[in-house]
Amino acid sequence: MIDLGYLAQDISILHRKYYKDTSPIFKDLGLNPTAACVLLTVHEHPAINQSQVAKTLVIDKGLTTREVNKIQGLGYLTKTAGSGKTQLLSLTPDGEAVVAQVQDIRRSWWQARFDQTGIDANSPLIPAIQAAVTNIIDDPNVPAK
């Protein structure tokens, strides 16, 4: 039986390699890989707030604030008043256009890894990882950082 700790290490390696490989590409859009993830999260969850973005991506709220401000400064998203002090995030038309490029960068990188290893999108590993991530994000006992 394989020690599942190695799986965590392997996933971490994939994550770091994705960030390393895509950083120069995202830089051409004024982004970094984390900002790209924030942008995609806002696209996938219209009218989301920063705390929800932080929880969804399991990143620090301070980092989320810095990335949101950067993306807003690029003209890719806006903040509108929600209930109380909550600010809702929405993409601008320029932001929506950049999302298509970000999605293509992400899809191309992963497709290349799958093509090199023979893994396809129907691998049972995919839903298993998605289930683990959903469990982490939806766990009410895990506060956002």
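Further up the page is the structure itself.
Calculation criteria
Residues numbered from 1 in each chain as written. Predicted model: local features only at pLDDT ≥ 70, side-chain atom pairs only at ≥ 80, totals over all residues. Heavy atoms only, no water. Helix = DSSP H or I, 4+ residues; strand = E, 2+ residues; numbered from the N terminus. Buried < 20%, exposed > 50% of the residue type's maximum accessible area, 1.4 Å probe, protein only. Axes fitted to C-alpha atoms, helices over the stretch in contact; angles between N-to-C directions. Parallel < 35°, antiparallel > 145°, perpendicular 65-115°, else oblique. Left-handed = near helix turned anticlockwise from the far one by under 90°. Contact = heavy atoms within 4.5 Å. Nonpolar A, V, L, I, M, F, W, Y, C, P; charged D, E, K, R; others polar. 1 Å grid on protein atoms, 1.4 Å probe; cavity = no way out; pocket = protein on both sides within 12 Å on 5 of 7 lines; lining within 4 Å. Points joined across faces, edges and corners; volume = space filled by probe spheres on them. Pairing = 2+ DSSP bridges.

### Remarks on unusual backbone geometry
- Look at Ala47: it is not a glycine, yet its phi comes out positive at around 65 degrees.
- Secondary-structure assignment places Ala47 in the loop between helix H2 (33–44) and strand E1 (48–49).
- The exposure class of Ala47 is partly exposed, given its relative accessible area of 40%.

### A word on the packing of helix H1 (residues 4–27) against helix H5 (residues 93–117)
- Interhelical geometry of H1 versus H5 gives an angle of 135 degrees and a closest axis separation of 11 Å. One way to sum up the angle between H1 and H5 is to call them oblique. Between H1 and H5 the crossing geometry is right-handed. Between H1 and H5, the residues in contact are Leu14, Lys17, Tyr18, Asp21, Thr22, Ile25 and Phe26 and Val102, Ile105, Arg106, Trp109, Trp110 and Arg113, respectively.

### A word on the packing of helix H3 (residues 50–57) against helix H4 (residues 61–73)
- Relative orientation of the contacting elements H3 and H4 amounts to 115 degrees, with a least axis distance of 9 Å. Seen from above, H3 lies across H4 with right-handed handedness. Each of Gln50, Ser51, Val53 and Ala54 in H3 lies in contact with H4, whose residues at this interface are Lys61, Thr64, Thr65 and Val68.
- The class makeup of the residues in the contact of H3 with H4 is three nonpolar, four polar and one charged.

### Quick word on the layout of surface pockets
- Estimated volume of the largest pocket: approximately 2000 Å³.
- As for the largest pocket, its lining consists of 39 residues, and the residues nearest its centre are Ile11, His15, Trp110, Ile129 and Val133.
- Those elements that place two or more of their residues in the lining of the largest pocket are H1, H2, H3, H5 and helix H6 (125–138).
- Of the residues that constitute the lining of the largest pocket, the class distribution is 22 nonpolar, twelve polar and five charged.

### Digging into the pairing of strand E2 (residues 77–81)
- Where E2 and strand E3 (residues 87–91) come together, five bridges link them in antiparallel fashion. Pairing of Leu77 across the sheet is with Leu91, part of E3.
- In this structure, the hairpin formed by E2 and E3 is closed by a connection of five residues, where Gly84 is found at a positive phi of approximately 65 degrees.

### Focus: the pairing of E3
- The pairing of E1 with E3 spans two bridges and is antiparallel. Each bridged residue has a counterpart across the sheet, and for Ile48 the counterpart in E3 is Leu89.

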